[in-house]
Structures are given as C-alpha cells and as structure tokens.
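Topology and contacts: notes
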Amino acid sequence: QLASLVNEAALLTTRKNSPTISMEILEAAKDKVLMGAERRSLIITDREKRITACHEAGHALVAWMLPGADPVHKVTIIPRGRALGLTMQLPEEERNSHDRTFLFNNLCTLLGGRIAEEIVFNQMTTGAGNDIERVSDIARRMVCEWGMSETIGPLTFRASNPLSNQPGQIISEQTAVLIDVEVKKLVQSAYDRARGLLEEHRALLDAITDALIERETLSRADIQAIIATNERK
Ligand code: ZN
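Below or above, wherever it landed, is the structure these notes cover.

Rules and cut-offs
Residues numbered from 1 in each chain as written. Predicted model: local features only at pLDDT ≥ 70, side-chain atom pairs only at ≥ 80, totals over all residues. Heavy atoms only, no water. Helix = DSSP H or I, 4+ residues; strand = E, 2+ residues; numbered from the N terminus. Expected span 1.5 Å × (residues − 1). Buried < 20%, exposed > 50% of the residue type's maximum accessible area, 1.4 Å probe, protein only. Contact = heavy atoms within 4.5 Å. Donors = N, O, S within 2.8 Å, 3.2 Å for Na, K, Ca; no water. Pairing = 2+ DSSP bridges. Axes fitted to C-alpha atoms, helices over the stretch in contact; angles between N-to-C directions.

1. Comments concerning helix α7 (residues 202-215)
With 14 residues, α7 extends 20 Å between its outermost C-alpha atoms, agreeing within 8% with the 20 Å of an ideal straight helix rising 1.5 Å per residue. Every buried residue belonging to α7 is among L204, L205, A207, I208, T209, A211 and L212, and all of these are buried. Each element contacted by the buried residues of α7 is listed here: α3 (46-65), β1 (72-76), α4 (100-121), α6 (173-200), β3 (217-219) and α8 (220-232). Where α7 ends, the next residue or the one after it, E216, has phi of about 70°, a positive value.

Now the structure itself:
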C-alpha cells in the first residue's frame, strides 16, 4: 500500500514538473489511492452541492463534538469514486480492537450526515444510503457478534451464510425479535445523540456548510478556525 502511495505521489510530482515529492502531493496521492480519483467533470447542481456540503458538515461536526471519536482530518465535497463528498477521520494511534464507545461514536458520526439534511432541508436523499448500510452493519454486529447488548448478553448469533457450508445457528423466533429490537434501540440512541449535538450547534453546522461550498475542502485546522470564530460571536 505504501509503495503504491509513493508511486502515485511520484506520478503526480512528474505531472506538476516538481523536483521533489511534497507532503501536499503525498496527501493528494493518499486521497486518490484511498478514495478514488477526483471526478471534477461530474455536473452537480447548486442545490445538490448545498445538500452534499450540509451532509458532510453533519458528519464532521458530530465527529468533532464527540469525546473519544477519531479526530476529523479533512472534509471535502469534491466527488470521488461513487461518493459526492467525504469526511475523513484519522485515528491518533494504531488500533487493533474497538470498544463499545468507539463503535457507538461511529454510529453517531455516520448518522450525522442524514440528520443534518433532515434538520436543514427537512427531507431525505439517497446520498446517505451507504452510511445507513454501514450503521445497520455495525449495530447488528455489536449485538450479534460482539455481545454488546446488555439485554441479550455475551452471546453470538451467526446467520447462515449461503456461500459457505457452515450452517447458521438456529435462532428462536423470540430471539430474532429481541435482536431486532436491540439493534433498533442502539441505532435510535445513536440517532438521538447525533441529532442533539447538531441541533445544539446549528450555527456551526451552517458555518461549516457555507465554508465547504466556498472552499470545497476543509482541513482540521480550517474547522478549528471556524469553531473559534463562531465561539467569539
Ligand atoms: Zn455520508
């Protein structure tokens, strides 16, 4: 991965006729390797741009406000791959396992995009489809694989996998219902937490949205500056 990152950076450097590989170019190469090439030719209406900016601002602000969540590294509304925008968090240190708080924060951050759209535009778009898929996946695994539901306790429930010969567990209907209830409860409490944060910091949500529309990409320092300016008001 590092080899292809540096290789990409070298290509970008050549294209720019620059004698050395700078940190800035390494950052651009990392984005390309991790998230796909920029799609500047994609035609986006002003309204779509505004909704995307608001969505990403929602992710970023929730991540920023949650103690213990990975720091926000960068937010962008430049389309890449299949995504119209992206909020990137970077862990402060290498992690080999995650605790319940970290996973819960993840759920909140993922939901932040959709909730921001709801608060500002009072409607939902398909843009949050991938976030919601990830939320469902993480919440289900917290309950079924990692024993993180107090009601169900430390039990594993494996659904049958049609691709492997391993039979799934036989789960009673009662347990299946309980799992659904627990997964929904978990997602709902993450939703409430994220919604509360975004409503509380609505002025900041708007300020980050506007800055994204104007500048397309914001670094951690940029967001820090926006928050500082807002606090002084
Ligand atoms: Zn999103």
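Don't stop here, the text continues.
2. Remarks on the coordination of the zinc ion
Taken together, H55 (NE2), H59 (NE2) and D131 (OD) make up the full set of protein donors to the zinc ion, lying 2.1 Å away. The exposure class assigned to D131 is buried, which follows from its relative accessible area of 9%.

3. Section: the sheet that holds β3
A sheet is described by the order of its strands in space; here three strands give the open sequence β2-β1-β3, paired in antiparallel fashion. The sheet is open, and its two edges are formed by β2 (86-89) and β3, each paired on a single side. Each adjacent strand pair in this sheet contributes to an overall mean axis angle of 10°, direction not counted.

4. Considerations on α6
Every α-helical turn comprises 3.6 residues, leaving residues that sit three or four positions apart pointing alike. For α6, with 28 residues, the first-to-last C-alpha span of 41 Å sits near the 40 Å given by 1.5 Å per residue. For α6, the complete set of buried residues consists of I179, E182, V183, L186, A190, Y191, A194, L197 and L198. Lining the buried residues of α6 we find α3, α4, α5 (129-144) and α7.

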